[in-house]
Every structure is written in structure tokens, then in C-alpha cells.
Amino acid sequence: DTAVSQTPKYLVTQMGNDKSIKCEQNLGHDTMYWYKQDSKKFLKIMFSYNNKELIINETVPNRFSPKSPDKAHLNLHINSLELGDSAVYFCASSAEADRNEQYFGPGTRLTVT
Amino acid sequence: GNSVTQMEGPVTLSEEAFLTINCTYTATGYPSLFWYVQYPGEGLQLLLKATKADDKGSNKGFEATYRKETTSFHLEKGSVQVSDSAVYFCALFYNQGGKLIFGQGTELSVKP
């Protein structure tokens, strides 16, 4: 069983489109995250949710909107995609009591053309 | 602000060589420190951690010691294998901030 799963694994789309990436964890964790990894492998947090509530919101364009329907899911919706959004997006989760030990999904490689 | 700096990669070694990947941090107070590893095409996995000064984290033959006096957390392994080829990330965590701050990653390539 995959602990943290993401779909799709690859996403190729054109500028201006709207797309979503889905994330699910079956670890029973309360906290979930979205990270962006750029072409130089630099990894930066975008959002964090705890029990469906937003707790971390870094300086991210408001074209990015996370949605947590329940504590096992955290989806990322991106409006009006731009070339600079091309990256690998990682979902992660952790127990509330142990937020420093995060479990990562396999990543979604987004390419905007 | 809080930050993590790692040595530039890529690092290329022969099998059974000794590995050191340097990591230093800037932080107020006493964060927890981590090494994560990313194998090709996969997400990050926690490799080891240390939560206070002089703690040594270890796993799979890798070790790192939390050095407060030098604000460092260097990763070492005595004898690398081809299967260790990956990107290694040093990170710090503050309970108050509630987020991991990563270094830029160091790519390791081990040749047979």
C-alpha cells in the first residue's frame, strides 16, 4: 500500500489552462503539505493543512488554491498556468505531534508549454 | 532568517569510498536537524535526524552529528555503494514555525 499517493504522475498542459493535482495519504496523519521543487532541485513549502484547516501559506500566487475535503486528502488547483509553474510538486504528510517527520509522495511533474 | 546551506554537487565517488556532504545552518534557537534522501524518480525519504546539540543520527550506515558550536550537521558514510546514488537534502525544523526548511540538495553519484 502506498502511504502518500499523488495523481497524476506527469502533467503536460498549455499556458492559461487550469489543472488539479490530487494527494491522498493512508497513514492516519493530521497534517498535509504541498512543496514545489524547481529545476535545480530546490524544495520549498507552499501550503500546510492540519485537520482540513490551512496553517501555513507561504508567498504563493493566488492562482494556487489548496483544498482539503478531509484530513486524508489535500488537492492543489492551479488557475491560469504559466511557464514558471513548471516544476515537480510533492505532497507530504505528518502526524500532528511529529511534524518534523514528513512522508512524501512520489511527486507530480508539471510541464507548462 | 533561518536557512540551510549544503555543499555544491554533483559529488562523484567510486564504490567503497568515504562520503562527506557538508551542511551548515543559520537559525535562532535550537532547531531539529534532518537529512532526507531522494532516489531518482521518487519522493523524499527521511534518512536520519538529531533533535539537540551533540546528538548523532544514524541509519543505513550514514551518520551526522548536531554541532551547535559550528552550526553544522555534516553527513558521512564510511563506504558508499552504487545504490546510494541519490540527491541528499539537509533540513531544519522549528516547532514554532512548523515547517521544514531545506538546503539546495547535493547530488551523489557512485560509480562501480
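Look above for the structure.
Participant: Before we go on, may I ask you to explain the packing of aromatic side chains in this structure?
Facilitator: The relative placement of two aromatic rings is captured by the distance of their centres and the angle of their planes. As enumerated under the stated definition, the model contains twelve aromatic pairs over all chains in all. Between Tyr 33 of chain A and Tyr 35 of chain A the ring centres are 6.2 Å apart and the planes differ by 35 degrees, which places this aromatic pair in the tilted class. Each member of the pair, Tyr 33 of chain A as well as Tyr 35 of chain A, is classed as buried. Residues Tyr 35 of chain A and Phe 102 of chain B carry aromatic rings whose centres are separated by 5.8 Å and whose planes lie at 80 degrees to one another, so their mutual orientation is edge-to-face. Here the residue Tyr 35 of chain A occupies a position in strand β4 (residues 31-37), and Phe 102 of chain B occupies one in strand β11 (residues 99-102), the pair thus bridging two chains. Members of the aromatic cluster, joined through ring pairs, are Tyr 33, Tyr 35, Phe 90 and Phe 104 of chain A together with Phe 34, Tyr 36, Phe 89 and Phe 102 of chain B.

Participant: What is the right way to read the pattern of salt bridges from this model?
Facilitator: Two side chains bearing opposite charge may form a pair once their charged atoms approach each other closely. Residue and element names in this part refer to chain A. Tallied over the full model, the rule gives nine salt bridges over all chains. With its nearest N and O atoms 3.5 Å apart, the salt bridge here joins Glu 82 to Arg 63. Residue Glu 82 is found in the loop between β8 (73-78) and β9 (87-94), and its partner Arg 63 is found in the loop between β6 (53-57) and β7 (64-70); the two are separated by 19 residues along the sequence. Judged by relative accessible area, which is 14%, Arg 63 ranks as buried.

Participant: Before we go on, may I ask you to explain the sheet that holds strand β1 (residues 4-7) of chain A in this structure?
Facilitator: Strand pairing in a sheet is mediated by backbone hydrogen bonds. Such pairs are either parallel or antiparallel. Residues and elements named next belong to chain A. Read from one edge of the open sheet, four strands run β1-β3-β8-β7, paired in antiparallel fashion. The sheet is open, and its two borders are formed by β1 and β7, each paired with just one other strand. This sheet shows a mean twist of 20 degrees between the axes of neighbouring strands, independent of strand direction. Sheet analysis places β1 next to strand β3 (residues 19-25), joined by four bridges and oriented antiparallel. Residue pairing for β3: Ser 5 is matched across the bridge by Glu 24.

Calculation criteria
Residues numbered from 1 in each chain as written. Chains lettered and ligands numbered in written order. Predicted model: local features only at pLDDT ≥ 70, side-chain atom pairs only at ≥ 80, totals over all residues. Heavy atoms only, no water. Phe/Tyr/Trp six-rings, centres within 6.5 Å; stacked < 30°, edge-to-face > 60°. Buried < 20%, exposed > 50% of the residue type's maximum accessible area, 1.4 Å probe, protein only. Helix = DSSP H or I, 4+ residues; strand = E, 2+ residues; numbered from the N terminus. Salt bridge = Lys/Arg side-chain N within 4 Å of Asp/Glu carboxyl O. Pairing = 2+ DSSP bridges. Axes fitted to C-alpha atoms, helices over the stretch in contact; angles between N-to-C directions.

Fair warning: the whole summary comes from geometry, so function is off the table for now.
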